[in-house]
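Report on the structure
Chain residues, written in single-letter form:
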Amino acid sequence: RPRHVRRSRFLAAGGAVATGLAVRMFCAISNTTPEHPVVSTKSGHLFERSVIEKAIEATGRCPVTNAPLSAEDLLPVQLSTPVIKPRTTAAASIPGMLSLLQNEWDALMLELHALKTQLETTRQELGHALYQHDAACRVIARLVKERDEARQALIDAKPIPAQPITQPIPPPAAPPAAVGGLNAEIVSKLDAKNKELSKGRKKRSVEGVASAEELAAMTTLSSTSMHTPSRTCVSFHSSLPLIATGGDDGCVRLYDSDSAKPTHSLGGSDGRVRRVLLHPTRPLVLGGGDDGIPRVWGTEQGDAVITYDNVHSAAVSGLTLQATGDYFVSASVDGSWCLLDLATTQAVMSVGGSTSYSSAELHPDGLILATGVVGAVKLWDVKSQNNVASFDGHEGSVGCLSFSENGYYLATGDAREVKLWDLRKLKTFKSIAAPAAVADVAFDHSGLFLAVGAGDEATVHETKTWAQLTKLDVSATGVAFGPKAKQLAVSTADGKLQIYGGA
């Protein structure tokens, strides 16, 4: 054949081969036919533009040769025909497409069913919430109505005039009521004393008070049988070496701690003497017990100087002296407490009720009375005879109380522990566990120490950290500090008086 014919056929065949090779070129990274191919001018490899640009942006190197490579080193390749990606097998035929449509329809129906189920659940929850809201609105409306009716009844109520003191104290089952009242002269006297003590309380002297080390090292100074074996009570004079005890034999006995000898036996009580109290400025000792009659003896006489008959119908459970020294409070298990006048030997006023009192103590400033009941301590305003606060959270009856001379702290004892209350915040801030029911608690006259009698032990704690300084093995039923906290008197369950102090 002529040479020019053979040459044109060779060129045509070569062009076809070149075109087939171009179509069959693959990306060196993804191994797929590139839609936008580029060639590296440094390595000659073919890449998909988007893939190699991301690789250069991430590493700055050729992913095949690891040589430095930039976008300027890429040369686009022009294809005579565009690259068409093959269809997937399922969509390449009509039956495949019908199968895809059937799968999509099934998935759509399943999703629709799930949405219907969720809608029904949401409707039920909404109906329940609307029912609860309607019920709550009805309850609130009823409570508002009852509140408004109670307010109106309170506005329409008329005050009940005070009854004269000549009427007898109501029985324990009667509702709380104030009998009698304080006249302006007595109120003025109480207020004046309160202001005087409150003003000078921070400046009170604590010089000469025993140190914590001395109390930690105290030993037994004397042990004297004062009463028949029974639960006894004790009181220590604030400035004299004089101690008073009371027991089941109905007697109040006096004891001189300096000579370590009993001095007087004061009789007249019928039954156990539950509380005794030495007057700090007068030669008097107060006592009360099962016969329900508060009595006052002279410390040098054998018979009671004053008896307060018909003020209680049951046993006396608490005696506490008012700050003026002219009055004292007597509380009873019949649910009444009375303010008694030492000068007139009469009850100034009496507050009766249905709650049985197990103990009572007046604040050092004289206008707040604390009474122990089952499970709580009630605080009273002496002038108005109103229950102004309650300290709850006790287990059993609160059988003993003691205010600190700092005017802030109140110690209370129940069936398992001593609770310490802050009167400024009206809440407890410390608890001291006891091995048994707490029989007695007592702050010393400086407020620096606290004594606790419970079970077969008596303990002493200092009031800064409330750490225990000492533990005495004695069946304590009463505890009391002597002058300057130099001695501690403990009355016991076997009728004895134990005196502890420094050697």
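Because the structure is a prediction, the values reported are computed rather than measured.

Overview of the pairing of strand S7 (residues 242-246)
- Most of S7 is tucked away: 5 of the 5 residues are buried.
- Taken together, strand S6 (residues 233-236) and the strand that follows it, S7, pair antiparallel across an intervening segment of 5 residues.
- For S7 and strand S8 (residues 252-256), the ladder comprises 5 bridges, and the chain directions are antiparallel. Following the sheet pairing, threonine 245 is matched in S8 by arginine 253.
- Count of turn residues in the S7/S8 antiparallel hairpin: 5 residues, of which glycine 250 carries a positive phi of about 80°.

Overview of the side chain of threonine 224
- Tracing the backbone shows threonine 224 in strand S5 (residues 219-225).
- You can call threonine 224 buried: its relative accessible area is 15%.
- At 3.3 Å, the side chain of threonine 224 and the side chain of tyrosine 255 are in polar contact.
- Beyond its immediate chain neighbours, meaning those up to four positions away, threonine 224 contacts Tyr255, Ala260, Pro262, Gly495, Lys496 and Leu497.

Looking at helix H4 (residues 184-200)
- Over its 17 residues, H4 runs 24 Å from end to end, which matches the ideal 24 Å to within 8%, given 1.5 Å per residue.
- The set of residues buried in H4 consists of Ile186, Leu190 and Asn194. For H4, the arc enclosing every buried residue in end-on projection is 65°, short of the 170-degree limit, so these residues lie on one face. Away from its buried face by more than 90 degrees, H4 exposes Ala184, Glu185, Lys195, Glu196 and Lys199.

Quick notes on the pairing of strand S31 (residues 496-501)
- Along S31, 5 of the 6 residues are buried, which leaves the element largely enclosed by surrounding structure.
- Where S5 and S31 come together, 6 bridges link them in antiparallel fashion. Counterpart to serine 223 in the pairing with S31 is glutamine 498.
- Direction of pairing for strand S30 (residues 487-492) relative to S31: antiparallel, over a ladder of 5 bridges. Looking at S31, one finds that glutamine 487 is bridged to glycine 501.
- Between S30 and S31, which pair antiparallel and follow one another directly, the connecting turn spans 3 residues, one of which, glycine 495, has a positive phi of 85°.

What about a nonpolar patch on the surface?
- A contiguous nonpolar surface patch, about 380 Å² in accessible area, is contributed by Trp105, Leu108, Met109 and Leu112.
- Along the chain, the position of leucine 112 falls in helix H3 (residues 94-156).

Rules of the game
Residues take numbers from 1 onward in each chain, read along the sequence in its written order. With pLDDT at 70 or above as the cut-off, local features in this predicted model cover only qualifying residues; side-chain atom pairs require 80 or more to be listed or tallied, and sums for whole chains, interfaces and linings still use all residues. The side-chain values count all of the structure's non-hydrogen atoms but skip hydrogen atoms and water molecules. Think of it in three bands: with a 1.4 Å probe and only protein chains considered, a residue is buried below 20% of the maximum accessible area for its type, exposed above 50%, and partly exposed in between. Numbering of helices and strands starts at the N terminus; helices are DSSP runs of H or I of at least 4 residues and strands are runs of E of at least 2. At least two DSSP bridges between two strands are needed for those strands to be called paired. A 3.5 Å cut-off defines polar contacts: any pair of N or O atoms within that distance qualifies, except that in protein one atom must be a possible hydrogen donor and the other a possible acceptor, and neighbouring residues in sequence count only when both atoms are side-chain atoms. Residues are treated as being in contact if the distance between any of their heavy atoms lies within 4.5 Å. To estimate how far a helix should extend, the number of its residues minus one is multiplied by 1.5 Å. The arc refers to the directions leading from the helix axis to the C-beta atoms. Patch criteria: residues need more than 30% relative accessible area and no salt bridge. Like-charged residues are merged within 9 Å; nonpolar side chains of Val, Leu, Ile, Met, Phe, Trp and Tyr are merged within 5 Å. Surface exposure here means Shrake-Rupley accessible area, sampled with a 1.4 Å probe, where a residue is shielded only by the protein chains that are shown. Salt bridges are defined as contacts in which a side-chain nitrogen from Lys or Arg sits within 4 Å of a carboxyl oxygen from Asp or Glu.

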